[in-house]
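Next come the chains, spelled out residue by residue.
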Amino acid sequence: MKPIDLRSDTVTLPSPAMREAMVRAPLGDDVYGEDPTVNRLQELCADLLGKEASLFVASGTMANQIALGVLTRPGDEVICDQGAHPVNFEGGAMPALWGIQPRTLRGERGLLDPAEVEAAIRPENEHFPRSRVVEIENTHNRGGGSVYPLGTVRAIAEVARRRGLDLYLDGARLMNAVVASGVPPRDFAEGATLVSLCFSKGLGAPVGSILAGDRDRIREARRLRKRLGGAMRQSGVLAAAAIHALENNVARLAEDHDNARALAVALSSLPGVRILHLVETNMVFASFAGRDAAELVARFREAGVLANPEGSRPDVVRFVTHLDVSRDDVLEATRRVSQAAAR
Ligand SMILES: *Cc1c(COP(=O)(O)O)cnc(C)c1O
């Protein structure tokens with residue numbers, strides 16, 4: 001029985017066509033700025049995100065940390081949702097790398113409220129940390145793949161601008177938000193000083209993220225990337241996969257979203273199962289009525305479905321749809337989950 005892997009959209013494998021693009025890519029030494037494929041990707045992404053420049057980095061975590069490193073000084077504070085990726089899933093990098101601390105807010109499905117952001121900005125006073133950056137995540141992972149309304153992003157950007165803070169948009173799954181909402185990526189990114197995008201999530205590339213912003217910030221980002229050991233040489237072989245992903249795998253994210261909705265509908269008909277959030281993109285958070293998610297996930301694995309405990313509550317399992325699972329896979333997964341949960 002072939003396992004159906006719904007743990008994350010990071011598990012996708014590069015397709016034959018993507019591998020072909022990687023093999024054919026013209027290459028050079030990117031530390032000298034001479035990799036034509038990396039340069040092409042960076043120009044493409046700067047344009048896509050409406051920024052002057054962009055930088056290819058190893059991971060979404062590296063993009064986030066370089067962005068925060070560029071925008072802060074030690075002792076500064078970053079306003080973000082309590083479920084934000086840099087707070088929960090980056091190994092404590094904010095204090096460890098930059099000496100900065102998060103000021104976490106309780107967003108609705110991870111989405112911040114502009115008035116609460118404004119209220120969290122510290123007054124100028126030597127006792128207080130300096131509020132320096134507002135960080136938002138679109139889509140929001142811990143919020144169940146939730147999508148920011150464009151008006152909310154604009155209102156948060158306006159608060160940040162008016163109060164002299166920078167906005168950083170963690171767009172690891174920005175293209176999911178774009179496809180779900182019809183809002184162009186540059187519109188979501190407009191009020192952000194820096195914005196990132198990940199190629200190895202739903203877009204299906206094996207490695208890499210992009211960080212975009214103005215020329216000065218991206219020059220500084222390049223220095224920090226070097227400092228972190230993330231300056232790579234013939235990385236065009238990876239950038240080629242990212243270009244292929246942007247050219248071929250964006251519009252099809254709608255299929256992942258449809259599949260996630262189908263999965264949510266099917267799961268919600270199982271006894272005791274409740275879907276926690278509105279399914280806007282490719283994630284389904286299912287609560288199994290007080291049962292232990294880790295134990296359930298082990299049963300699902302035996303039955304041929306891979307999923308992860310979601311983590312915010314002990315009875316919630318997270319299912320993520322992606323490029324390598326079809327509608328049939330999703331429906332078959334529901335049958336397997338149904339039988340395994342009933343046992
Ligand atoms: C996955 C993810 C990242 C980056 O993760 P990497 O595994 O380091 O690429 C950043 N932000 C969000 C919201 C994510 O979901």
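Residues numbered from 1 in each chain as written. Predicted model: local features only at pLDDT ≥ 70, side-chain atom pairs only at ≥ 80, totals over all residues. Heavy atoms only, no water.

1. Examining the pairing of strand 2 (residues 53–57)
Note the cut-off: Partly exposed describes any residue whose relative accessible area lies between the buried limit of under 20% and the exposed limit of over 50%, with all areas from a 1.4 Å probe on protein chains only and scaled to the type maximum. We count a stretch as a helix when DSSP gives it H or I for four or more residues in a row; a strand needs E for two or more, and each element gets its number in order from the N terminus. The rule for pairing is simple: two strands pair if DSSP sees at least two bridges between them.
For strand 2, the buried fraction is high: 5 of the 5 residues fall into the buried class. Covered by surrounding structure in strand 2 are Ala53, Leu55 and Val57 together with Ser54 and Phe56, the residues of both alternating faces. In terms of strand pairing, strand 2 meets strand 8 (residues 209–213) through 5 bridges, oriented antiparallel. Residue Leu55 lies in a different strand from strand 8, and its bridge partner there is Leu211.

2. Comments concerning the packing of aromatic side chains
Formally: In this scheme Phe, Tyr and Trp rings, the latter by its six-membered ring, pair at centre separations within 6.5 Å, and the angle between planes marks the pair as stacked below 30 degrees, edge-to-face above 60, and tilted otherwise.
Enumeration according to the criterion identifies 3 aromatic pairs in this entry. Between Phe288 and Phe300, the ring centres sit 5.6 Å apart and the planes meet at 55°, which makes this aromatic pair tilted. Separated by 12 residues along the polypeptide, Phe288 in strand 10 (residues 283–288) and Phe300 in helix 13 (residues 293–302) bring together distant segments of the chain. Judged by its relative accessible area of 3%, Phe288 is buried.

3. Quick notes on the domain arrangement of the protein
Heads up, the condition is: Marked domain ranges trace back to an automatic or database domain assignment. By definition, residues are in contact when any of their heavy atoms lie within 4.5 Å. The term buried area denotes the loss of accessible surface (1.4 Å probe radius) that occurs when two parts are joined, taken as the sum for both partners. Whenever Lys or Arg places a side-chain nitrogen within 4 Å of a carboxyl oxygen from Asp or Glu, that contact is recorded as a salt bridge. We define a polar contact as two N or O atoms separated by no more than 3.5 Å, with the added condition that, inside protein, one atom must be a possible hydrogen donor and the other a possible acceptor, whereas residues neighbouring each other in sequence contribute only through side-chain atom pairs. Throughout, the ten residues Ala, Val, Leu, Ile, Met, Phe, Trp, Tyr, Cys and Pro are labelled nonpolar, Asp, Glu, Lys and Arg are labelled charged, and all others, Gly among them, are labelled polar.
Under the domain assignment used here, the protein contains domain 1 (16–248) and domain 2 (252–342). Counting residues at the interface gives 18 residues for domain 1 and 16 residues for domain 2. Taken together, both faces of the contact between domain 1 and domain 2 bury some 1,400 Å²; the carbon and sulfur share is 54%. Run the count over domain 1 and domain 2 and you get 2 salt bridges. The tally of links between domain 1 and domain 2 comes to 5 residue pairs in polar contact (both at pLDDT 80 or more). It is helix 8 (residues 174–181) that contributes the most residues to the side of domain 1 that touches domain 2, 4 residues altogether. Grouping the constituent residues of the side of domain 1 that touches domain 2 by class yields 5 nonpolar, 10 polar and 3 charged.

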